[in-house]
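Residue strings, one per chain:
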Amino acid sequence: MSPSDDIASFQDALRKAKQVAILAGAGLSAASGIPTYRGKGGIWHEHDHDKVASLDGFKKDPAPVWQFHHWIKQVCLAASVNDAHRVLASLSLPEVRGKVLSGLKDPSSPPLLITQNMDGLSSLALDSLKDQLSPEDMHKAKHERLIEMHGNIYRQTCLQCRHTSVSTDCHLADQFAGSKVQSSTSSAKLALDQLPRCGGSSWNGSNRYGKCGGPLRPAVVWFGEIPEGMGDIGRYLNWTDMLIVVGTSAIVQPAAGFIKAVKDRGGKVAFFNLEKVEKDQDADWLFLGRCEETLPLALG
Ligand code: BJW
Ligand code: ZN
C-alpha cells in the first residue's frame, strides 16, 4: 500500500506513540545553505568520496581530504538553523511534548534525534531554548537524546594519541590565507607540513607529558567506518513505535536500515522529504516538500 499524506492521521498516531525517534539527513540543513550529498547540486557530483571520505583516501593523500573538510567547515560556520531544526528542538520542551507527543511512555524525555549531519545545527537549535529548559533538561536533550552518528565537523582526532579536540576555528585558514580557498575544488594545494597536527598532551616516552604533534583527522565518519552511538541507537529503536525520517535519501547504511528495523517490530514510519526515495515505499506516511515547511505544519 502506498504511504498516506494525511497529516491528521499522522498527528493522531504521533499522539499515541509510546517511543519516538527521528532520523535526519542532509535535507534537514538544506534550507540553512548546506549542500546535500546526492541529487541536484550534491557534493558527490563534484568530489570522489573514495578520495575525500575514506581512511584509505586520507592515508594516500591527506591534503585534499583536509581541503574538502575545511570547505565544509566554512560552509557550516556560515549556516544558521532553519525552521525544521527549530521545530525538532521544540520537542525538548515538556509543554510541546504534552501537546504533540502526549502518549510517551517516558514523558520526561524528548524523542531521540539521530542525525547523519555533522554540521552541529541540531545542537545549536537547542541552545536557543536555554531560557526555557532547565540545565538538566538541556544536558539530556543535547547529550542523551541527540546522536550525531556521522560525527561533527568541529571535532578532530589525533591518529597517534586518539585525543579528540573541538574547534570552531578554521585550522587551515592561515595556510589558505591569500589563496582564496572558497570552494571545495579550489586548485590551491596544501603541503603535508601545513596539515593540522595534534596539540594535545600525550605520553612522550620519557616519563613526561608533552605535545603529541601527531597527524589530526576530521572526527567525521567516513565510508567503511562504524558510526557513533550504534549501541544506544539499537537499544532505543528496539522500543520505538514511531520513526520520523527527515531529508535523507536513505541510501547510506546503517542509517537506512533503521527504517526496516522499526517496521519489523511493528512500528510506524513517516517520511518528510523533498522527493520520493526508494525506502519511502515502506513508510506509513509520506510528506513531500521542503521539511522546513512540512515539519512545522505536522509537528506545530
Ligand atoms: C530535502 C530538502 C528539504 C533536500 N527538505 N528534504 C554496498 C551495499 C551496502 C552497503 C555498503 C556497500 N558498500 C559500502 C557500504 C556501506 C556504506 C554505505 O552505505 N554505502 C552506500 C553508499 C552504498 N556505509 C558505510 O560505510 C558506513 N559504515 C558502515 O556501514 O559500517 C559498517 C557497519 C555495519 C553494521 C553496523 C554498523 C556499521 C559509514 C557511512 C559514512 C557516511 N559518511 C558521510 C560523510 C562523508 C563526508 C565527510 O567526510 O565529510 O555522511 S557520506 C554522506 O552520506 C554523509 C551523510 O550523512 C550520508 C547520508 O546522506 P543523506 O543525509 O541521506 O544525504 P543525501 O544527499 O543522500 O540525501 C538528502 C535528501 O534530502 C534527498 O533525498 C533530498 O531530496 C532531500 N532534501 N532538500 C526535505 N529542504
Ligand atoms: Zn596526539
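Residues numbered from 1 in each chain as written. Chains lettered and ligands numbered in written order. Predicted model: local features only at pLDDT ≥ 70, side-chain atom pairs only at ≥ 80, totals over all residues.

Things to note about the sheet that holds strand β2 (residues 112-115)
Where we set the bar: Strands qualify as paired when DSSP identifies two bridges or more between them. Secondary structure elements follow DSSP: runs of H or I no shorter than four residues count as helices, runs of E no shorter than two count as strands, and numbering proceeds from the N terminus. All axes here are fitted lines through C-alpha atoms, helices being fitted over the stretch that makes contact, and every angle between N-to-C directions spans 0 to 180 degrees. With C-beta atoms placed from the backbone, a contact is any residue pair whose C-beta atoms sit within 7 Å.
If you trace the 6 strands from one edge of the open sheet to the other, you get β3-β2-β1-β9-β10-β11, paired in parallel fashion. Either end of the sheet is taken by a strand with one partner, and the two such strands are β3 (146-148) and β11 (285-288). Across the sheet, the mean angle separating the axes of adjacent strands is 15° when strand polarity is ignored. By the bridge criterion, 5 bridges tie strand β1 (residues 20-24) to strand β9 (residues 242-246) in an arrangement that is parallel. Bridging across to β9, Ala24 finds its partner in Val246. Packed onto the sheet, helix α12 (residues 257-264) meets β1, β9 and β10 (268-273) and runs at close to 160° relative to β9.

Things to note about the UniProt feature "binding site: Zn(2+)" (unreviewed entry) in the chain
Selection rule: UniProt positions are given in the numbering used here, feature names are shortened, and annotations may be inferred rather than shown by experiment. Three exposure classes are used, based on other C-beta atoms lying within 10 Å of a residue's own C-beta, which is placed from the backbone: buried for 20 or more, exposed for 12 or fewer, and partly exposed in between.
The sites that carry the UniProt feature "binding site: Zn(2+)" (unreviewed entry) are, in the present numbering, Cys158, Cys161, Cys198 and Cys212. A stretch of 55 residues holds the annotated residues, and the largest C-alpha distance among them is 8.7 Å, short enough that they meet in one place. Mapped onto the fold, Cys158 is located in strand β4 (residues 151-158). For Cys158, a count of 22 C-beta atoms within 10 Å corresponds to the buried category. Discounting residues that sit within four places of it in the chain, Cys158 has contacts with His163, Cys198, Gly200, Cys212, Gly214 and Leu216.

Some points on the domain arrangement of the chain
Condition: Domain delimitation follows an automatic or database domain assignment. Residues were grouped as follows: Ala, Val, Leu, Ile, Met, Phe, Trp, Tyr, Cys and Pro as nonpolar; Asp, Glu, Lys and Arg as charged; and all remaining residues, including Gly, as polar.
The domain boundaries assigned to the chain delineate domain 1 (1-33 + 81-149 + 227-300) and domain 2 (35-78 + 151-220). Placing a centre on the C-alpha atoms of domain 1 and another on those of domain 2 gives a separation of 29 Å. Tallying the contact residues gives 11 residues for domain 1 and 10 residues for domain 2. Of the residues in the side of domain 1 that touches domain 2, the class split is 4 nonpolar, 4 polar and 3 charged.

Some details on the confidence of the model for the chain
Our working definition: A residue's pLDDT is the confidence the predictor assigns to it, expressed on a 0 to 100 scale.
Averaged over every residue, the pLDDT of the chain is 92; residues scoring 70 or more account for 90%. In this model residues 178-182 is a low-confidence stretch, pLDDT under 50, and it forms 7 contacts with partners more than four residues away in sequence or in other chains. If you check the scores for this complex, the pTM reads 0.95 and the ipTM reads 0.97.

Quick word on α12
Applicable threshold: Along the arc lie the directions from the helix axis toward the C-beta atoms.
Among the residues of α12, those classed as buried are Phe258, Ile259 and Val262. Considered in projection along α12, the buried side chains sweep an arc of 105° and stay on one side of the axis. Facing away from the buried side of α12 by more than 90 degrees, the exposed set consists of Lys260 and Asp264. Two residues or fewer past α12, Gly266 is found with a positive phi of approximately 90°.

Concerning the sheet that holds strand β5 (residues 164-166)
Strand order in the open sheet made by the 3 strands is β5-β4-β8, with antiparallel pairing throughout. Each edge of the open sheet is held by one strand with a lone partner, namely β5 and β8 (216-220). The mean angle between the axes of side-by-side strands here comes to 40°, regardless of whether they run parallel or antiparallel. As defined by bridge partners, β4 adjoins β5 across 3 bridges and the pair is classed as antiparallel. For Thr157, the partnering residue across the bridge sits in β5 and is Thr164.

So, the nonpolar core
Applied cut-off: Here, a nonpolar core means buried Ala, Val, Leu, Ile, Met, Phe, Trp, Tyr and Cys residues linked by C-beta atoms lying within 7 Å of one another.
Counting 53 residues, the largest nonpolar core has Leu243, Val245 and Val246 as its most contacted members. Beyond its immediate stretch of four places on either side in the chain, Leu243 contacts Ala21, Leu23, Phe258, Ile259, Val262, Gly267 and Val269. Within the second largest apolar cluster, 17 residues are counted, among which are Phe58, Val65, Val75 and Val220.

Let's talk about the environment of Lys105
Mapped onto the fold, Lys105 is located in the loop between α7 (94-100) and β2. Along the sequence, Lys105 and Ala141 sit 36 residues apart, while their C-alpha atoms lie 17 Å from each other. If sequence neighbours within four positions are ignored, Lys105 has contacts with Lys18 and Gln19.

A few points about the site of ligand 1
Selection criterion: Defining nearness, a residue is near a molecule or strand when the C-beta atom obtained from its backbone falls within 6 Å of it.
Residues in contact with ligand 1 amount to 38 residues; listed here are only the nearest, Gly25, Gly27, Thr36, Gln116 and Ser249. Secondary-structure elements contributing two or more residues to the shell around ligand 1 are α5 (62-78) and α13 (291-299). Within the shell around ligand 1, the residues separate by chemical class into 19 nonpolar, 14 polar and 5 charged.

Here's the deal with the UniProt feature "active site" (unreviewed entry) in the chain
Under the local residue numbering, the UniProt record ascribes the feature "active site" (unreviewed entry) to His150. Structurally, His150 is set in the loop between β3 and β4. Dropping the residues within four chain positions of it, His150 is found in contact with Gln116, Met118, Val220, Val221 and Pro227.

Structural notes on unusual backbone geometry
In this model, Gln253 is joined to Pro254 through a cis peptide bond whose omega is 0°. Position of Pro254 among the secondary structure elements: in the loop between β9 and α12. Phi is positive for Arg162, which is not a glycine, with a value near 70°. Looking at where Arg162 falls in the secondary structure, it is placed in the loop between β4 and β5. Phi at Ala250 is positive, roughly 50°, even though this residue is not glycine. Tracing the backbone through its elements, the reader meets Ala250 in the loop between β9 and α12.

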